[in-house]
Amino acid sequence: MNMARWIAVAAGVSLVATPVMAASLNSKERARVARAAPRDRDDVRYCLLKAKKGRDKGTVIGAAGGAGVGALAGGSLGETLLAGAAGAVAGRVIGKSEGTNSVCDRVLARNR
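What you see is a predicted model; the values in this text were computed from it and never measured.

Here is what the cut-offs are and how they apply
- Residues numbered from 1 in each chain as written.
- Predicted model: local features only at pLDDT ≥ 70, side-chain atom pairs only at ≥ 80, totals over all residues.
- Heavy atoms only, no water.
- Core = buried A, V, L, I, M, F, W, Y, C linked by side-chain atoms within 4.5 Å.
- Buried < 20%, exposed > 50% of the residue type's maximum accessible area, 1.4 Å probe, protein only.
- Helix = DSSP H or I, 4+ residues; strand = E, 2+ residues; numbered from the N terminus.
- Salt bridge = Lys/Arg side-chain N within 4 Å of Asp/Glu carboxyl O.
- Disulfide = S-S within 2.5 Å.
- Axes fitted to C-alpha atoms, helices over the stretch in contact; angles between N-to-C directions.
- Parallel < 35°, antiparallel > 145°, perpendicular 65-115°, else oblique.
- Left-handed = near helix turned anticlockwise from the far one by under 90°.
- Contact = heavy atoms within 4.5 Å.
- pLDDT = per-residue confidence, 0-100.
- Lys, Arg positive; Asp, Glu negative; His and termini not counted.
- Arc of directions from axis to C-beta.

Novice: Break down the nonpolar core for me, citing the residues and quoting the values.
Specialist: One recurring pattern in soluble globular proteins is that nonpolar side chains are buried together. Listed in full, the 10 residues of the largest apolar core are L25, V33, A36, V44, C47, L48, L49, C104, V107 and L108. Elements supplying a minimum of two residues to this core: α3 (41–72) and α5 (102–110). By residue number, the principal contributor to this core is α3, which donates four residues.

Structure follows, in structure tokens:
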């Protein structure tokens, strides 16, 4: 029962912290926005922020899901943490591509 509480607390904290993590762009992303065509700058910034939120959300959901499956499968603490890490990696990869739509994909491809 103690492990279930830990996982529930970790999942709750990570879901609450998700909007805070994707608040701004890093220096490379800001430079990409600056070199974009003037008519596309707002769209590039929006799409980069949307993709970043998708990556972060996927990471959190994947980590919580992997840890939950590890705990339900009856794994030890180490196995549960390993399952959570694997879920985080998978969730980040999936969230990276699912964070944007086809319009954003075209805008970002046009403004590399």
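Novice: Explain the pattern of salt bridges to me, using residue names and the numbers behind them.
Specialist: For side chains of opposite charge, pairing can occur when their charged atoms come near one another. Going through the model one piece at a time under the given rule, you end up with four salt bridges. The residue R39 makes a salt bridge to D40 at a minimum N-O spacing of 3.5 Å. By relative accessible area, which is 63% here, R39 ends up exposed. Linked by salt bridges that have partners in common, R39, D40 and R110 make up one network.

Novice: Talk me through the state of the cysteines; I want residue IDs and the actual numbers.
Specialist: In the structure shown here, the tally under the stated rule is one disulfide. Here C47 is linked by a disulfide to C104, with a sulfur-sulfur distance of 2.2 Å. Classification of the bridge connecting C47 and C104 rests on its S-S torsion, roughly -75 degrees, and on that basis the disulfide is left-handed. Separated by 57 residues along the polypeptide, C47 in helix α3 and C104 in helix α5 bring together distant segments of the chain.

Novice: Give me the packing of α3 against helix α4 (residues 77–98): which residues, what numbers.
Specialist: Geometry of a packed helix pair, given as the angle between the helix axes and the separation of the axes. Closest axis-to-axis distance for the α3/α4 pair is 6 Å, and the angle between their directions is 150 degrees. Considering their axes alone, α3 and α4 lie roughly antiparallel with respect to each other. As for the relative orientation of α3 and α4, their crossing is right-handed in sense. On α4, the residues touching G54, R55, D56, G58, T59, G62, A63, G66, A67, G70 and A71 of α3 are T80, A83, G84, G87, A88, G91, R92, G95 and K96.

Novice: A description of the confidence of the model for the protein should follow, citing residues and the corresponding values.
Specialist: Residues of the protein with pLDDT of at least 70 account for 79%, and the chain-wide mean is 81. The weakest mean pLDDT in the protein belongs to helix α1 (residues 2–21) at 60; the strongest belongs to helix α2 (residues 27–35) at 91.

Novice: Help me get a handle on the side chain of R32, residues and values and all.
Specialist: Along the chain, the position of R32 falls in helix α2. Of the buried charged residues, R32 lacks a salt bridge, with E29 as the closest side chain of opposite charge at 7.1 Å. Residues contacting R32, with those up to four places away along its chain left out, are L48, L108, N111 and R112.

Novice: Describe α2, with residues and values.
Specialist: Every buried residue belonging to α2 is among E29, R32 and V33, and all of these are buried. Considered in projection along α2, the buried side chains sweep an arc of 100 degrees and stay on one side of the axis. Among the exposed residues of α2, those pointing more than 90 degrees away from its buried face are S27, K28 and R35. Here the buried face of α2 lies against α3 and α5.

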